[in-house]
Amino acid sequence: MNTTNSEFEPKIVAFVCNWCTYAGADLTGTSRLKYATNVKIVRFPCTGRIDFMLLLRAFAQGADGIIVSGCHPNDCHYTSGNFHARRRWITFRGLLDFMGIDVKRIQYSWVSAAEGAKWADVVNSTVANIRELGPYTEYKKVAEYLDKEDYNG
C-alpha cells in the first residue's frame with residue numbers, strides 16, 4: 001500500500017491529567033473549537049502517575065505519536081506531580097534516544113483547564129508534525145517479534 005503523507009491519518013494517544021489538560025480539552029469541545037480528531041485521550045489523576053512503559057505500549061499497539069500533558073508548574077493538584085513527570089520525561093528522553101525511538105513523536109506540554117485554545121493548538125501541531133514524520137511501524141514490528149519470541153519460549 002502506497003500512502004503519501006497527505007493521505008496519512010496518524011493515530012495519536014494523549015496521556016493527560018484529569019485536573020488541567022482533560023478539563024482544557026473539555027473546554028475546547030464546549031467552546032466548539034475545531035481540532036484534529038486523530039487523538040484518543042487517556043485520562044490520569046496526574047501526569048506524575050503516568051508510567052512511561054505505557055508510552056512504549058502505545059507505540060507497540062500502533063500509535064504514531066503521543067502527547068503527554070498536565071498542569072503548569074506550581075499548579076499541580078497534588079503539589080508536585082507535574083515536576084515528578086518532568087523529571088521522568090528528561091530521563092525517558094535519554095532512554096528513547098538509546099533505543100532509537102524518535103523523540104519528535106512524543107509531545108510534552110502544559111495545558112491548564114482554562115486553555116482550550118492551547119489544547120487545540122497542541123493537538124493540531126502534533127498531528128501535523130506526525131503526519132510529516134509518516135507512519136511509525138518500526139516499534140510495532142519489534143514488539144510483535146518480541147511477543148512472538150516470548151510466546152515460543
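Since the structure is predicted, the reported quantities are computational estimates derived from the model, not experimental observations.

1. A closer look at the overall build of the protein
At step 1: A count of helices and strands for the protein gives five helices and four strands.
At step 2: For 153 residues, the compact-globule estimate of 2.2 N^0.38 gives 15 Å, and the protein sits close to it at 16 Å.
At step 3: Of all 153 residues assigned to the protein, the portion counted as buried reaches 42%.
At step 4: Considering only intrachain contacts with a sequence separation of at least 6, the fraction spanning at least 24 residues in the protein is 82%.
At step 5: Surface summary for the protein: the accessible area is close to 9,000 Å², and the carbon and sulfur share equals 52%.
At step 6: Across the protein, the mean location of the 18 positive side-chain charges is 4 Å away from that of the 16 negative side-chain charges.

2. What about the environment of Met99?
At step 1: Turning to its location among the elements, Met99 is positioned in helix α3 (residues 81–99).
At step 2: According to the relative accessible area criterion, Met99 is partly exposed, its value standing at 37%.
At step 3: Spatially, the C-alpha atoms of Met99 and Phe44 are 26 Å apart, while their sequence positions differ by 55 residues.

3. Some remarks on the packing of aromatic side chains
At step 1: What the rule picks out here adds up to eight aromatic pairs.
At step 2: Ring centres 5.8 Å apart and planes at 15° place the aromatic pair Trp89 and Tyr108 in the stacked group. Of the two residues, Trp89 is situated in helix α3 and Tyr108 in strand β4 (residues 106–110); the sequence distance between them amounts to 19 residues.
At step 3: Residue classification places Tyr108 among the buried positions, given a relative accessible area of 15%.
At step 4: Every member of this aromatic cluster is reached through a ring pair, and the members are Phe52, Trp89, Phe92, Tyr108 and Trp110.
At step 5: The ring of Tyr22 has Arg43 sitting right over it, with the charged end atom 4.1 Å from the ring centre.

4. Considering unusual backbone geometry
At step 1: One non-glycine residue with positive phi stands out, namely Arg32, at about 60°.
At step 2: With respect to the secondary-structure elements, Arg32 resides in the loop between α1 (21–30) and β2 (39–44).
At step 3: In the Ramachandran plot, Thr79 falls in the positive-phi region, its phi being about 75° despite a non-glycine side chain.
At step 4: Among the structural elements, Thr79 can be located in the loop between β3 (65–70) and α3.

5. What to know about a negative patch on the surface
At step 1: On the surface, a cluster of negative charge is contributed by Glu144, Asp147, Glu149 and Asp150.
At step 2: Within the element layout of this structure, Glu149 appears in helix α5 (residues 138–152).

6. Observations concerning the sheet that holds β4
At step 1: One open sheet holds the four strands; their spatial order is β2-β1-β3-β4, and the pairing between them is parallel. Both outer strands of the open sheet, β2 and β4, are each paired with one neighbouring strand and no more. For this sheet, the mean inter-axis angle between neighbouring strands, taken without regard to orientation, is 20°.
At step 2: In terms of strand pairing, β3 meets β4 through five bridges, oriented parallel.

7. Focus: the UniProt feature "domain: F420-non-reducing hydrogenase iron-sulfur subunit D" (unreviewed entry) in the protein
At step 1: Feature annotation in UniProt assigns "domain: F420-non-reducing hydrogenase iron-sulfur subunit D" (unreviewed entry) to the following positions: residues 12–134.
At step 2: Note that residues 12–134 is 46% helix and 19% strand, and that its end C-alpha atoms are spaced 12 Å apart.

Definitions and cut-offs
Residues numbered from 1 in each chain as written. Predicted model: local features only at pLDDT ≥ 70, side-chain atom pairs only at ≥ 80, totals over all residues. Heavy atoms only, no water. Helix = DSSP H or I, 4+ residues; strand = E, 2+ residues; numbered from the N terminus. Rg over C-alpha atoms; globule rule 2.2 N^0.38 Å. Buried < 20%, exposed > 50% of the residue type's maximum accessible area, 1.4 Å probe, protein only. Contact = heavy atoms within 4.5 Å. Areas by Shrake-Rupley, 256 points an atom, 1.4 Å probe, with all protein chains shown as cover. Lys, Arg positive; Asp, Glu negative; His and termini not counted. Charge placed at Lys NZ, Arg CZ, Asp CG, Glu CD. Phe/Tyr/Trp six-rings, centres within 6.5 Å; stacked < 30°, edge-to-face > 60°. Lys NZ or Arg CZ within 6 Å of the ring centre and 35° of its normal. Patch = residues over 30% accessible without salt bridge, like charges linked within 9 Å, V, L, I, M, F, W, Y side chains within 5 Å. Salt bridge = Lys/Arg side-chain N within 4 Å of Asp/Glu carboxyl O. Pairing = 2+ DSSP bridges. Axes fitted to C-alpha atoms, helices over the stretch in contact; angles between N-to-C directions. UniProt positions renumbered as here; feature names shortened; annotations may be inferred.

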